[in-house]
Amino acid sequence: MKKLLLSSIIVIIGFTFIGRLSYLQLFRFSPDQILEDPAIKKIYDYPERGYIYDRNGELMVGNQPAYDVMVIPREVQPLDTLEFCSLLGIDKKTFISKMEKARVYSPRLPSVLVPQLSKEDYATLQEKMRHFVGFYIQKRSLRYYTTNSAANVLGYISEVNEWDLQNNPYYVAGELKGRTGIEKQYEEVLRGRKGVKHIQKDRFNRDIGPYKDGKLDTLPEQGTEIHITLDKKLQEYGEKLMHGKRGGIVAIEPKSGEILAMISGPTYDPSLLVGRERSKNYSKLHYDSISKPLFDRSISYEKEPGSPFKTLNALIALQEGVVNPNTKFRCYHGFYVGNTLRGCHCGGGVRDMNSGIYQSCNAYFAGVFRRIYDKYPTTDEGMDVWEKHMKSFGLGNYLGTDLPTGRPGRIPDKNFYDKWYGDGRWAASTIISNAIGQGEIAATPLQLANMTAAIANRGYFYTPHVIKSMGSSGSIDPKYTEPHYTTIDRKHFEPVIEGMANVYKYGTARWIQIPDIEIAGKTGTVENFTKIDGERVQLTDNSVFVAFAPVENPQIALAVYIENGYYGARYAGHIASLLIEKYIKGEITRKDLEKRMLEKTLEHEYAKPYSGEPFKINEYVW
Amino acid sequence: MSGRGLFGRIDWITIFLYALLVFIGWINIYSTSLVDPNLSIFDFSTLYGKQLFFIGLAALGIILVLFVESNFFERFASIFYIISILLLLGLFVFGKTIAGATSWYNLGFFNLQPSELAKVATALALAKFLSDIQTDIRTGRHQMYALAIVLVPALLILPQPDPGSALIYFSFFFVLFREGFPLYYLGILIFMVILFATTLMFGTVWVAIGLIILTILVYTFKKASLKIPVLPVIGVIVLSILFSLSVDFVYENVFEQRHRDRIALWLSLEKDENKLEEIRKTIGYNTYQSEKAIESGGFFGKGFLEGTRTKGDFVPEQHTDYIFSSVGEEWGFLGTVTVILLFSVFFLRLIHIAERQKSDFSRMYGYGVISILVFHYFINIGMVIGLLPTIGVPLPFFSYGGSGLIFFTMLLFIFLKLDSNRLKDGI
């Protein structure tokens, strides 16, 4: 026993030590400890964010320098707070609270004290900076816009927040990140990769040279410049036309699915969200709950599409073989559902497909719609077929556009109505509003433009996208270069397109023809309602227009949706007509038409629901 | 055998292990104190250069020791002891103060720490006293003498103040136990430490309840044949509770605040997580940094000269008391386990050597050497890896420092010299 005492103690000590070391070095060890190693400081070298050009190579977004005042709390030495505050242009209370926030975030990591000084402020501050130990100036680059349009498409960048910091280890406090639009979608392409230098520090936080001789250091990778599909001139022109109007416009090049213009009204100047005024301006835009400038109506505004939808019902009926172009229906200035007469503006009489489309006859399409359902033994089967055809046009679901926002719209299915009316308690006549694009259907202007592009292509479309090329290689995601075929055969498109062309020749849009360009289009006048003090109130109809041109070899397909613009041919039709001319001819020949659109606003319509007075709708003010 | 001369008879395994430990120690001192890689390793302005010089001195010491007659050490043990006691006393008048402790004589080129010398002298004196034919360790009087030999230098070192070195003298108890000093003394000591710690952690009431429950359990589950008298057990319990009651008083009045902080940290007495973290980063700063450095080494370590915390000088006193943290950071789990195993094998080899001595003096001296080395090793590494409270003692053969290295070397080689002579002892 006494001989073994010391030996056993040595063995026990050995095991205890190895046990403790296993705990420390095997269990508690984690390989990414280098991130929090106090002995290593990282210094970043920021690349310039990639420029954004339009489809014609015109610069839309560039960069400008800005200067952030940074602080490392534990290095701060006593300072003349008053002088420093006046140099920074902040008050003492703000200074103290920002310092406290920085200290709480981390005493040894840099935090932003004052973001984005202007060049002038920077110049005066720079000379005195050496008096303020623990503070330094970090140069950053901010966005610079050569256009005042396309704010919602381009998106904006802003400082990373705590959520970003926790969820993406790439970002460090004070860095900028794309928040919406293209800036968000192509964040990783545009931002490039910052370079990192690792510096070995001692415990007094002094630099004692590069860590591992710079083996882990990386050089910054420049942000990639990207070309987008927007046409800057068309975009700017469209936004001018939208002055004083609410709604969304999307124009697409049918043969490629490239989005030529994406306009939401009202909008804002993208330069507002850059620099020190950013947060003030942002709050203003964010809290404007009436005109909602940050809400992108071109992609997120889902509403009943109205009459343009008739073209699809015509195509489905042809595909199903339940009508031919000469099949006729009579219009009694409306049509009967049971014993109720539902109205029609077309003037009445016998309608075939051609005149049904160009006069936008509700009765004709109610007849067509019933035929589609009557072909099948049960309404459920008819509904399934109809839904399948509709969805093949990119309706009722997200399109997969390369923009981070958007809405799916809605194509109702049998489950939807089973839930609404009860199983077996509805039929084609119950949902007859869908025949004319009202009822339970909803689509965004983007979806309407895409649907029009599919008609223009006679049966297929490319997923609409805004990316044209990235960097020098120029390649984009292959999903944007693959055609999506609709369920309608090519031959059925001609009669419908003929009807759409006649909309301009003899129909609802004959006043807004463009000399030398043959256009196919379709008007829409959509009833709409709002709630005022809990009561459902009807507002002036929404003005909708879809069109493509030229009819042969289409170069542009577009959808214009103007809230409370009354007849489709009015605001929406005019704007569509002007945009087509601008895009195809490059100039406007019909100056009177242009002048009218630039001057007329719908502010009086938008004020009505807020006036607190009873108001009239659909007045003939023009 | 006797014909083979000194080099044939000396234990080369031990020498090899010793050399390996010194070498690994120096490598790590090099790493912790390297500033400019262009300087020569013999540059005496650097710590590693100085340590190399001390290793040279130690080698000279080895040669000196090996060429002295074996029985010189036994014969002059008492004289050495008296000289070292005088040197310790002299510190009160002539001592040089470094880092708050008056523990050194300034010899110009070299600071001599007599407490290191005293360890060698005490080991020799204790061995000599115990091996004396007239000494009987079973008698109380001789037990008192033995204790006095150990405790006098300890009590002289304590007020320097150098509680770490004083504590080392407790290691001589292992010699006493080996030579028949009753083992239950050790039991009582351990029991008191446990009582002390548990009282601080849970309070006297719970300790008393625990003791009573333990006693009941023992009585319930013991073999029926085993008779344990009741009265003495009750006596022990009462004494324990009295001791437990005195703990708070001792803790609050005898210990200083820094001791209390270290103990509080060690036993996690502070219940508030944030406050505990705060203590860990202030009072426990050294240990905190040392643990972090070891932890960051992982399994393979960061590599020689690649330890970021070692380079950044984050662990204070890393080249002396905290040298093991450098092993942990740069050589990882592989390195630390290797060093632990190396020390363990080294100690077991020394025990093996001690047990084969025919001369009682040699064996007892050997046990003294081993006990001192093991005690240093246990307290030092235990502290560096956060198992024990902070007590400043060096890691033998590893830590930077001339006195330490030279006296540990002398201590060891005197034993090896005695061992090389063991076959003559019988004659």
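Procedures and definitions
- Residues numbered from 1 in each chain as written.
- Chains lettered and ligands numbered in written order.
- Predicted model: local features only at pLDDT ≥ 70, side-chain atom pairs only at ≥ 80, totals over all residues.
- Helix = DSSP H or I, 4+ residues; strand = E, 2+ residues; numbered from the N terminus.
- Contact = placed C-beta atoms within 7 Å.
- Pairing = 2+ DSSP bridges.
- Buried ≥ 20, exposed ≤ 12 C-beta atoms within 10 Å, placed from the backbone.
- Axes fitted to C-alpha atoms, helices over the stretch in contact; angles between N-to-C directions.
- Nonpolar A, V, L, I, M, F, W, Y, C, P; charged D, E, K, R; others polar.
- Expected span 1.5 Å × (residues − 1).
- Core = buried A, V, L, I, M, F, W, Y, C linked by C-beta atoms within 7 Å.
- Arc of directions from axis to C-beta.
- Parallel < 35°, antiparallel > 145°, perpendicular 65-115°, else oblique.
- pLDDT = per-residue confidence, 0-100.

When helices and strands are counted, chain A shows 21 helices and 22 strands. Considering only residue pairs separated by 6 or more positions, chain A has 73% of its internal contacts joining residues 24 or more positions apart.

Regarding its fold elements, chain B presents 20 helices and three strands. Sequence separation of at least 24 residues holds for 69% of the intrachain contacts in chain B that already meet a minimum separation of 6.

Residues and elements named next belong to chain B. One open sheet accounts for three strands, arranged β1-β2-β3; its pairing is antiparallel. In this open sheet, the two edge strands, each paired with only one partner strand, are β1 (96-98) and β3 (111-112). Looking at chain direction, strand β2 (residues 101-106) and β3 are connected through two bridges and run antiparallel. Counted as the bridge partner of Y105 is L112 from β3.

A few words on unusual backbone geometry. Residue P266(A) is reached from G265(A) by a cis peptide bond, and omega for that bond is -5°. Relative to the assigned elements, P266(A) resides in the loop between β12 (258-265) and α10 (278-286). Residue P161(B) follows Q160(B) across a cis peptide bond; omega there is -5°. Looking at the secondary structure, you find P161(B) in the loop between α7 (140-157) and α8 (163-168). Backbone geometry at S360(A) places phi at a positive 55°, although glycine is not the residue there. Given 28 C-beta atoms within 10 Å, S360(A) falls into the buried group. Its identity as a non-glycine residue notwithstanding, E317(B) has a phi of 55°, on the positive side.

Let's shift gears to the sheet that holds strand β1 (residues 40-45) of chain A. Residue and element names in this part refer to chain A. Strand order in the open sheet formed by three strands is β1-β8-β9, with antiparallel pairing between adjacent strands. What marks the edges here is a single partner per strand, and that holds for β1 and β9 (207-210). Taking each pair of neighbouring strands and ignoring which way they run, the sheet shows an average axis angle of 35°. Relative to β9, strand β8 (residues 195-201) runs antiparallel, the two sharing two bridges. The residue of β9 that forms the bridge with K201 is D207.

Chain A puts 29 residues into the contact, and the matching count from chain B is 34 residues. Only α1 (4-27) and β8 of chain A provide two or more residues apiece to the side of chain A that touches chain B. For the side of chain A that touches chain B, the element with the most residues is α1(A), which contributes 14 residues. Taken together, the residues that form the side of chain A that touches chain B break down as 15 nonpolar, five polar and nine charged.

Between the first and last C-alpha of helix α12 (residues 230-253) of chain B there are 35 Å, a value that for 24 residues agrees with the 34 Å anticipated at 1.5 Å per step. With respect to burial, α12(B) is a largely exposed element, only one of its 24 residues being buried.

This brings us to the nonpolar core. Considering soluble globular proteins, one finds that nonpolar side chains tend to be buried as a cluster. Among the nonpolar cores identified, the biggest contains 123 residues, and V250(A), A251(A), A449(A), A547(A), L558(A), V560(A) and I575(A) are the most heavily contacted of them. If near-sequence neighbours (up to four positions away) are discounted, A449(A) is found in contact with V250(A), A251(A), I252(A), A557(A), L558(A) and A559(A). In terms of nonpolar packing, the next biggest core, distinct from the first, is built from 96 residues, Y30(B), A121(B), F181(B) and V384(B) among them.

Note that G396(A) resides in the loop between α15 (379-391) and α16 (414-421). Sequence-wise, G396(A) and I411(A) are 15 residues apart; in three dimensions their C-alpha atoms are separated by 4.6 Å.

This part is about helix α3 (residues 47-67) of chain B. Residues and elements named next belong to chain B. The end-to-end C-alpha distance of α3 is 30 Å, a good match for the 30 Å that 21 residues give at a rise of 1.5 Å each. Within the span of α3, buried status applies to Y48, Q51, F54 and A58. Within α3, the buried residues cover an arc of 100° as seen down the axis, which keeps them to one side. Pointing more than 90 degrees away from the buried face of α3 are the exposed residues G56, L60, I63, L64 and F67. Buried residues belonging to α3 abut α2 (12-33) and α19 (402-420).

Glancing now at the packing of α2(B) against α3(B). Packed helix pairs are specified by the crossing angle of their axes together with the interaxial distance, meaning the distance between the axes. Residues and elements named next belong to chain B. It is at 8 Å that the axes of α2 and α3 come closest, and there the two elements cross at 160°. In terms of orientation, α2 lies roughly antiparallel with respect to α3. Counted together, V22, W26, I29, Y30 and S33 of α2 and L47, Y48, Q51, L52 and I55 of α3 form the full contact between these two elements. Here the residues of the contact of α2 with α3 are counted per class, giving eight nonpolar, two polar and no charged.

All right, on to the confidence of the model for chain B then. All names here are of chain B. On average, residues of chain B score 86 in pLDDT, and 98% of them reach the 70 mark or higher. Per-element confidence in chain B is highest for helix α17 (residues 323-355), whose mean pLDDT is 95, and lowest for helix α20 (residues 422-425), whose mean pLDDT is 71. Two numbers describe this predicted complex: its pTM, 0.64, and its ipTM, 0.89.

The subject of this paragraph is the pairing of strand β3 (residues 59-71) of chain A. Residue and element names in this part refer to chain A. Taken together, the two bridges between strand β2 (residues 52-53) and β3 define a ladder with antiparallel strand orientation. For Y53, the partnering residue across the bridge sits in β3 and is L59. Counting the residues that bridge the hairpin from β2 to β3 gives five residues, and of these G57 lies at a positive phi of roughly 80°. Here β3 runs beside strand β5 (residues 135-145); their pairing, made up of eleven bridges, is antiparallel. Of the residues in β5, the one forming a bridge with G62 is Y144. Both β3 and strand β4 (residues 111-117) contribute to a ladder of four bridges, which runs antiparallel. The partner of V71 across the bridge, within β4, is S111.

For the rest of this paragraph, the subject is the environment of K128(B). Residue and element names in this part refer to chain B. Take K128: it is sitting in helix α6 (residues 114-131). The buried category is assigned to K128, around which 23 C-beta atoms lie within 10 Å. The contact partners of K128, leaving out residues within four places of it in the chain, are E74, A77, S78 and F361.

The next subject is the environment of I259(A). Residue and element names in this part refer to chain A. Examined against the element boundaries, I259 turns out to sit in strand β12. A C-alpha to C-alpha distance of 9.5 Å links I259 and L558, two positions 299 residues apart in sequence. Setting aside chain neighbours within four positions, we find I259 in contact with T229, L230, V250, I252, P464, H465 and V466.

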